[in-house]
Amino acid sequence: MKIPQKFFARRHEIAADYLKELDKHLDDIVSGRATEMFEVRDFAELIHVHPTHLSNTIKAATGHSPCYFFEGRLMEISKSMLHNVSMPVAEIARILTYDPSNFTKFFKHFSGQTPKQYREAYFESLASNKEVFTT
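An account of the accompanying structure is given in this report. (Residues numbered from 1 in each chain as written. Predicted model: local features only at pLDDT ≥ 70, side-chain atom pairs only at ≥ 80, totals over all residues. Heavy atoms only, no water.)

### Describing the pattern of salt bridges
Stated formally: A pair is scored as a salt bridge if a Lys or Arg side-chain nitrogen falls within 4 Å of a carboxyl oxygen belonging to Asp or Glu. By definition, any uninterrupted DSSP run of H or I lasting at least four residues is a helix, any uninterrupted run of E lasting at least two residues is a strand, and each is numbered from the N terminus. Only protein chains enter the area calculation, which uses a 1.4 Å probe; residues under 20% of their type maximum are buried, those over 50% are exposed, and those in between are partly exposed.
Within this structure, the stated rule accounts for 7 salt bridges. Asp 27 is the partner of Arg 73 in a salt bridge, and the nearest nitrogen-oxygen pair spans 3.9 Å. Placement of the pair is Arg 73 in helix H4 (residues 66-82) and Asp 27 in helix H1 (residues 5-31), with a sequence separation of 46 residues. For Arg 73, a relative accessible area of 22% gives the class partly exposed. Arg 73 is the partner of Glu 76 in a salt bridge, and the nearest nitrogen-oxygen pair spans 3.5 Å. Of this pair, Glu 76 and Arg 73 both sit in helix H4, 3 residues apart, roughly one helical turn. Three or more residues are tied together by salt bridges with common partners; here these are Asp 23, Asp 27, Arg 73 and Glu 76.

What follows is the structure in structure tokens.
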């Protein structure tokens, strides 16, 4: 049995809608317009599909679960915020709706380093690059 082409188009539409809503929600979190992190069911409600259907569709369309994109985007934001040396790790955790201990565990799980280690390595690499250009 041949699968209708519109099925594939809808699958990609749902995945695109999820990614758009994910970016919007994380922007709201960082800016303070939202104070609670969404779950898959919240995104499903926004795009008017069942949570299981959303998860299965994103997996089928991209090869990855919704959490993969959520966690990846959260790591990008975390790393970007850690580049600001004047912002304490605890404040970054609070903005991203974590307590500092859980944020450190989350960050280390996905990067292999604690936020503090990542920040130190980032600024060391900047300093060593600066030395290369000045010599």
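### Topic: the nonpolar core
Keep this limit in mind: Here, nonpolar core means buried Ala, Val, Leu, Ile, Met, Phe, Trp, Tyr and Cys residues that are tied together by side-chain atoms lying within 4.5 Å of each other. Note on definitions: a residue-residue contact is assigned when non-hydrogen atoms from the two residues lie within 4.5 Å.
Core analysis: the biggest nonpolar cluster contains 30 residues, and Tyr 18, Leu 22, Leu 54, Phe 70, Leu 96 and Phe 103 have the highest contact counts within it. Here this core gets 7 residues from one element, more than from any other, and that element is H4. Setting aside its immediate chain neighbours within four residues, Phe 70 contacts Tyr 18, Leu 22, Leu 26, Met 37, Phe 38 and Phe 43.

### Description of the packing of aromatic side chains
Threshold: Pairing of aromatic side chains requires ring centres within 6.5 Å, counting the rings of Phe and Tyr and the six-membered ring of Trp. Pairs whose planes differ by under 30 degrees are stacked, by over 60 edge-to-face, and all others tilted.
Using the criterion set out here, one finds 11 aromatic pairs in the structure. Centre to centre, the rings of Tyr 18 and Phe 43 are 5.3 Å apart; their planes meet at 80°, and the pair counts as edge-to-face. Within this pair, whereas Tyr 18 is found in helix H1, its partner Phe 43 is found in helix H2 (residues 40-46), the two being separated by 25 residues in sequence. Pair check on accessibility: Tyr 18 and Phe 43 agree, each one buried. A ring pair is formed by Phe 107 and Tyr 118, whose centres lie 5.6 Å apart and whose planes are at 65°; its orientation type is edge-to-face. One end of the pair, Phe 107, is in helix H6 (residues 100-111); the other, Tyr 118, is in helix H7 (residues 115-134), and 11 residues separate them in sequence. Accessibility classification places Phe 107 together with Tyr 118 in one group, the buried group.

### Examining helix H3 (residues 51-62)
Structurally, the α-helix is built with 3.6 residues per turn, so residues lying three or four positions apart point the same way. Using the following cut-off: One less than the number of residues in a helix, times 1.5 Å, gives the span that helix is expected to have. Directions from the helix axis toward the C-beta atoms define the arc.
With 12 residues, H3 should cover 16 Å at 1.5 Å per step; its first-to-last C-alpha distance of 16 Å lies within 8% of that length. Buried within H3 we find Leu 54, Thr 57, Ile 58 and Ala 61. Viewed along the axis of H3, the buried residues span an arc of 100°, placing them on a single side of the element. Count one or two residues on from H3 and you reach Gly 63, which has phi positive near 85°.

### Focus on the packing of H4 against H6
Note the following rule: In this description, a line fitted to the C-alpha atoms serves as the axis of each element, helices being fitted only across the stretch in contact, and the angle between N-to-C directions of two axes falls anywhere from 0 to 180 degrees. Under this scheme an angle from 65 to 115 degrees is roughly perpendicular, one under 35 degrees roughly parallel, and one over 145 degrees roughly antiparallel; angles in between are oblique. Gly is put with the polar residues, along with every residue not named as nonpolar or charged; the nonpolar set is Ala, Val, Leu, Ile, Met, Phe, Trp, Tyr, Cys and Pro, and the charged set is Asp, Glu, Lys and Arg.
At a minimum axis distance of 11 Å, the contact between H4 and H6 shows a crossing angle of 110°. The angle between H4 and H6 falls in the class roughly perpendicular. Mapping the contact onto sequence places Glu 71, Leu 74, Met 75, Ser 78, Lys 79 and Leu 82 in H4 and Phe 103, Phe 106, Phe 107, Phe 110 and Ser 111 in H6. Split by residue class, the contact of H4 with H6 holds 7 nonpolar, 2 polar and 2 charged.

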